[in-house]
Amino acid sequence: MRTFGLIVAAMMMAGVRAQQACNGHAELCNVPYNQVTTVLTHNSYSYVLSPAANQACSVTTQLDDGVRGLKLSAVLPANTTMSDPTKDIHLCHTSCSLLDAGSATDTLASVASWLKSNPNEVITIMWNTPSNSAFKPSDFQAIYQAAGLIDYVYSQASGNYTWPTLQQLISSGKRVITFTDIGADTSQVSWLHGEFDFVFETPYDNRNESAFSCVIDRPSDPSNPTSMMYVMNHFLYGTLTLGSTTIELPQKGLANVTNAQSLMTQSTECKSAFGRYPTFLEVDFYNLGNTLAVAAKINNVTFDNSTQLKCNAAGNNSNSGGGGQSTASDLIVSTLTNLFLVFLGVFVLL
C-alpha cells in the first residue's frame, strides 16, 4: 500500500509539473526563450504624473498584468558625482529634471520581491543609457546585488544564439535576462549582455502610424541578423517646437489605436521581413488597446480577457483611466502638461 501511495503521489506531482504555467501558459514551457514574443514596456519606470510619462502604472502592476519585459534608462542626475551606484544611478526620462523615478535599486528591489512571489515567471530587463556615457559593469553588479536580484540573473555565452526554454530557466532559478545598449563586458559581469550582440531593433522615432517599418535600425550592421532576436518598436512621439527647441512627448491619446490592430499589422509585416515574429513588442501605455492579447495571439495561446487589467482597475491607475476613458487623473495630467509646456516656452524664449 505504501508503495502504491508513493506511485500515486509521484504521478500527481508529474501531473502538476505538466500543468505548470510558464509566463502564464503551460504551452510556453517548452518554447525557447528567444521564440516567445514578450511585451516590453517602453520606459517602464515612467508612470508618475508627468507629460513625459510612457506608462500608466507601477512596474509591479505591469508585471501582475502580464508584462514580462522592462525597458529602463540609467541616468546620473545633474550635479551628482558618482560615489555609490546603488543610490546615485536613477531611472530618468533622458533628463532627471524632466522625470525622475528615483534610484534604480528601489525599482529593481520591487522586481526581486515580485519574482520571489511568482516562481514560474521569466522576465527581461533592457537598459539604455540616454547620455551615451556608459556605466561600468560593476555598477550594475552593485545595483542588482543591493536589490536582491543577483541570484536570479542568467548568463548566456557570447555568440550562442541557442537559448534555453522557459521551463529550463525556471527550473534553474535563473529567470532574469539582462541586456544593456552600451558598456557590457561579460568578462567582468557575465550576465550583463550587450543588447546588440543578441538583439536588433526597428526604428523607434516614429511620429505617425504610417511611420512604423520593419527595417533594422540598431545596430546598423548586426553580426547575425537571421539568428538574433529583435525589438519591434511600436510607440508614437508627438513633437512640439518652441523656438529652436523640439520636444518629443508620448502620445497617450492614440494608444488605443496604436496598441490594437496597428500592433498586429506591424508584427505580421515584420514576420514577412525577418522570417519570424518579433521577440519583443515595445509599447507605451500597454494597458490601452489590446497589447497583451496581440502577444498571446502571436504566441498561439489564449488570452484571458475575463479579468480587468490591474492597471485599469478603479483606484489603481496612476496615470490614466481604464479603457481610455477620461478620469480626474487624466485631467491632472493634461493640466500638468499645459503648465509644463508654458514653463518650457517661457524658458526657451528667455
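Keep in mind it's a predicted model, so treat the numbers as computed, not measured. (Residues numbered from 1 in each chain as written. Predicted model: local features only at pLDDT ≥ 70, side-chain atom pairs only at ≥ 80, totals over all residues. Heavy atoms only, no water.)

*Asks:* Help me understand the state of the cysteines, please; the structure alone is not making it clear to me.
*Replies:* Here, disulfide denotes a covalent bond that connects the sulfur atoms of two cysteines. A full pass over the atoms with the stated rule returns 4 disulfides. Sulfur-sulfur distance for the disulfide between Cys214 and Cys270 comes to 2.1 Å. The S-S bond linking Cys214 to Cys270 shows a torsion near -90°; that makes this disulfide left-handed. Here Cys214, found in the loop between β8 (199–201) and β9 (229–233), pairs with Cys270, found in helix α9 (residues 261–274); they are 56 residues apart in sequence, far enough to count as distant. Each of the two residues, Cys214 as well as Cys270, counts as buried. Each disulfide of the protein chain joins two cysteines, and with those cysteines numbered along the sequence the arrangement is 1-2, 3-8, 4-5, 6-7. (Disulfide = S-S within 2.5 Å. Helix = DSSP H or I, 4+ residues; strand = E, 2+ residues; numbered from the N terminus. Buried < 20%, exposed > 50% of the residue type's maximum accessible area, 1.4 Å probe, protein only.)

*Asks:* Would you mind going over helix α4 (residues 104–117) with me for this structure?
*Replies:* Note: α-helices contain 3.6 residues per turn, so residues at a spacing of three or four share the same orientation. Helix length check: α4, at 14 residues, gives a terminal C-alpha distance of 20 Å against a target of 20 Å (1.5 Å per residue), a fit within 8%. Considered for burial, the residues of α4 that qualify are Ala104, Thr105, Thr107, Leu108, Val111, Ala112, Trp114 and Leu115. (Expected span 1.5 Å × (residues − 1).)

*Asks:* Whenever I open this one, the nonpolar core confuses me. Can you help?
*Replies:* Nonpolar side chains in soluble globular proteins tend to end up buried together. One finds Tyr33, Leu108, Ile125, Trp127, Tyr144, Leu149 and Phe179 to be the most contacted residues of the largest nonpolar core, which totals 77 residues. Here this core gets 6 residues from one element, more than from any other, and that element is α4. Non-local contacts of Phe179, meaning those with residues more than four positions away in its chain, are made with Tyr33, Thr124, Ile125, Met126, Trp127, Trp163, His193, Gly194, Glu195, Phe198, Val199 and Met229. (Core = buried A, V, L, I, M, F, W, Y, C linked by side-chain atoms within 4.5 Å. Contact = heavy atoms within 4.5 Å.)

*Asks:* What am I meant to see in the pattern of salt bridges here?
*Replies:* Note on pairing: side chains with opposite charge can pair once their charged atoms come close. Tallied over the full model, the rule gives 6 salt bridges. In this structure, the salt-bridge partner of Asp64 is Lys310, at a minimum N-O distance of 3.4 Å. Remark: Lys310 occurs in the loop between α10 (291–298) and α11 (328–349) and Asp64 occurs in helix α2 (residues 59–65); sequence separation between them is 246 residues. The class of Asp64 is partly exposed, set by a relative accessible area of 37%. Residue classification places Lys310 among the partly exposed positions, given a relative accessible area of 43%. Taken together, the shared-partner salt bridges in this structure form one network comprising Lys71, Glu201, Arg218 and Glu282. (Salt bridge = Lys/Arg side-chain N within 4 Å of Asp/Glu carboxyl O.)

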